[in-house]
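Residue strings, one per chain:
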Amino acid sequence: MQGNRENADTAAFRGPLGAAIHLSFYVLLAASTARYLTYHGVSGRWLVVAGLIVALAALYAEIVVLSRRGGAWQPWVWPVLTSWVALVWLAPSFAWTAFPIFFLCTRAFPRWAAYLIVAVLAVFAGIEFASFSGRTEWAVLLAPLCTGALIVLAYGQVERDSAERERLLGELVDAKSRLAETEREAGVLSERERLAREIHDTVTQGLTSALLHLEAADEVWERSGPRARDEVRVATRSLRENLAETRNLVHYLSSPDLATQTLDAALLAAVRGYVPSAQLRVIGEPVALPSDVEHALLRITQSAASNIRRHANAHTVGVTLTYLPDAVALDVFDDGTGFVVGETSGFGLPAMRQRVEALGGTFSVESAPGEGTVVAAQIPVGDAS
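What comes next is a walk through the structure. It should be emphasised that the depicted structure is a prediction, and the values quoted were computed from it without experimental measurement.

**Comments concerning the nonpolar core**
Okay, step 1: Grouped together as the largest cluster of nonpolar side chains are 41 residues, with contacts concentrated most on W84 and F94.
Okay, step 2: Looking at this core, the elements with two or more residues in it are α2 (16-40), α3 (46-69), α4 (77-90), α5 (98-108) and α6 (111-133).
Okay, step 3: Apart from residues lying up to four places away in sequence, F94 is in contact with L29, S32, T33, Y36, V49, I53, W84, L87 and V88.
Okay, step 4: Counting residues in each nonpolar core, the second largest holds 34 residues, with V271, V293, L297 and A312 among its members.

As structure tokens, this is what we get:
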């Protein structure tokens, strides 16, 4: 803490306030010299007084130079005070230079030591003021004491304010550091959730589709060889596509489906990978969509189709892609068994909702037991016209 105070004192001496104090010292020293010469001339004690003036000016200059270079100037304050006391003792008119000296003491000494030293110097200056005025006046005696008190109190307040600013700055730095750490952790969690959705919508869904086809092939193997072979071929294709998706996920590439075909073709291929009889309808004039929007629509279609295959026992499955002036809408519907919305515990529907809401869109599910299901998503894409 003491080191911080010394750094602050040195910085203040190099700043505008320090420059003003230094300038006022030399102005008052010159004015006091002129007054002394006006009243006393160069006779009597002049040589001694002149020597003290030169010594005081040189010592004070050493303080100025050291403070601006960042050196240890505080030890030079004692020679300055000694020279100043001797000069004022011999020539009381130099007591006018007391005020910059008070400020110097507040910078050089710890707070309570500065208070004591300034008080002693103020009493001494008041007595010397009274001695050259020729009569005792309370105003003359009290003026240096009051001025010294104001200087040390004002500086003390400035010092406390500076310490408070440093404390608040430290708290701000700590808060920013904690915020950065929190944001980093949130980013890690967000990335984990994104990867979980990607794995669910690619690896998990693809393996599920392949497993379903293999199970179907196993059931009909004895009764219908060609049909079993078709199921095995579909499962093989699904596994091959899923392997490509897995490589894509590891290397953070875009979906291969969207890289080689249009969005409506990719959606139809995705839904027919689970339900071969599914149909796709496009409403509106197709326009280019942002890659992240296309990616989300494809993953939602895959996930919804996987749910239909596993749970819905549906005969009819359809996908509707609607291009609106400032949005794109996707509906995946079936006439299956349905379910009670809100009572599901799987990862699929929450993952779909997170995808849509991350893009600023809306997501909804309409279903009831025995009445089929509609999964609807609408994502804003700006003015498509």
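Next, the rest of the story.
**Comments concerning helix α12 (residues 348-358)**
Okay, step 1: Within α12, burial applies to G348, L349, A351, M352, R355 and V356. End-on view of α12: buried residues confined to an arc of 160 degrees, all on one side of the axis.
Okay, step 2: Two residues or fewer past α12, G360 is found with a positive phi of approximately 80 degrees.

**Notes on the packing of α3 against α4**
Okay, step 1: Where α3 meets α4, the closest approach of the two axes is 9 Å, and the angle between their N-to-C directions is 155 degrees. In this view, α3 runs roughly antiparallel relative to α4, as classed from their interaxial angle. Where α3 crosses over α4, the two elements pack in a sense that is left-handed. On α4, the residues that touch V48, V49, L52, I53, L56, L59, Y60 and I63 of α3 are V77, P79, V80, S83, W84, A86, L87 and L90.
Okay, step 2: Class assignment for the residues of the contact of α3 with α4 results in 15 nonpolar, 1 polar and no charged.

**Here's the deal with the side chain of R299**
Okay, step 1: Looking at where R299 falls in the secondary structure, it is placed in helix α11 (residues 291-312).
Okay, step 2: By relative accessible area, which is 0% here, R299 ends up buried.
Okay, step 3: Of the polar contacts made by the side chain of R299, one reaches the side chain of Q302; its length is 2.9 Å.

**Focus on the pairing of strand β2 (residues 317-323)**
Okay, step 1: Counting buried residues along β2, 7 of its 7 residues qualify, which places the element largely inside the surrounding structure.
Okay, step 2: With α11 bridging strand β1 (residues 279-283) and its parallel neighbour β2, the resulting β-α-β unit is left-handed.
Okay, step 3: Note that β2 and strand β3 (residues 327-334) share 7 bridges and pair antiparallel. Across the sheet, the residue bridging to V317 is D334, located in β3.
Okay, step 4: Linking β2 to β3, which pair antiparallel, is a turn of 3 residues.

Reading guide: rules and limits
In every chain, residue numbers begin from 1 and rise along the written sequence. Totals for whole chains, interfaces and linings use all residues, but because this is a predicted model, local features are given only for residues with pLDDT of at least 70 and pairs of side-chain atoms are given and counted only at 80 or more. Side-chain numbers here rest on the full set of heavy atoms in the structure, without hydrogens or water. The nonpolar core is taken to be a set of buried Ala, Val, Leu, Ile, Met, Phe, Trp, Tyr and Cys residues, with the residues joined through side-chain atoms within 4.5 Å. Here the term buried applies to any residue with accessible area under 20% of the maximum for its type, exposed to any over 50%, and partly exposed to those in between, with areas from a 1.4 Å probe on protein chains only. Under the scheme used here, helices are H or I runs from DSSP no shorter than 4 residues and strands are E runs no shorter than 2 residues, and both carry numbers assigned from the N terminus. Should any heavy atoms of two residues lie within 4.5 Å, those residues are considered in contact. Summarising the geometry, the arc corresponds to the directions from the helix axis toward the C-beta atoms. In this analysis, axes come from line fits to C-alpha atoms, helices being fitted only over the stretch in contact, and the angle between any two N-to-C directions falls in the range 0 to 180 degrees. Oblique is the label for any angle not covered by the other classes, which are roughly parallel (under 35 degrees), roughly antiparallel (over 145) and roughly perpendicular (65 to 115). Two helices crossing with the near one rotated counterclockwise from the far one by less than a right angle form a left-handed crossing, whereas a clockwise rotation gives a right-handed crossing. For this classification, the nonpolar set comprises Ala, Val, Leu, Ile, Met, Phe, Trp, Tyr, Cys and Pro, the charged set comprises Asp, Glu, Lys and Arg, and every other residue, Gly included, is treated as polar. Throughout this description, a polar contact denotes any pair of N or O atoms lying within 3.5 Å of each other; where both atoms belong to protein, one of them has to be capable of donating a hydrogen while the other can accept it, and for residues adjacent in sequence the pair is counted only when both atoms sit in side chains. The crossover handedness rule: strands pointing away from the viewer, path from first strand over the helix to second strand clockwise, crossover right-handed. DSSP bridges decide pairing: two strands pair if at least two such bridges lie between them.

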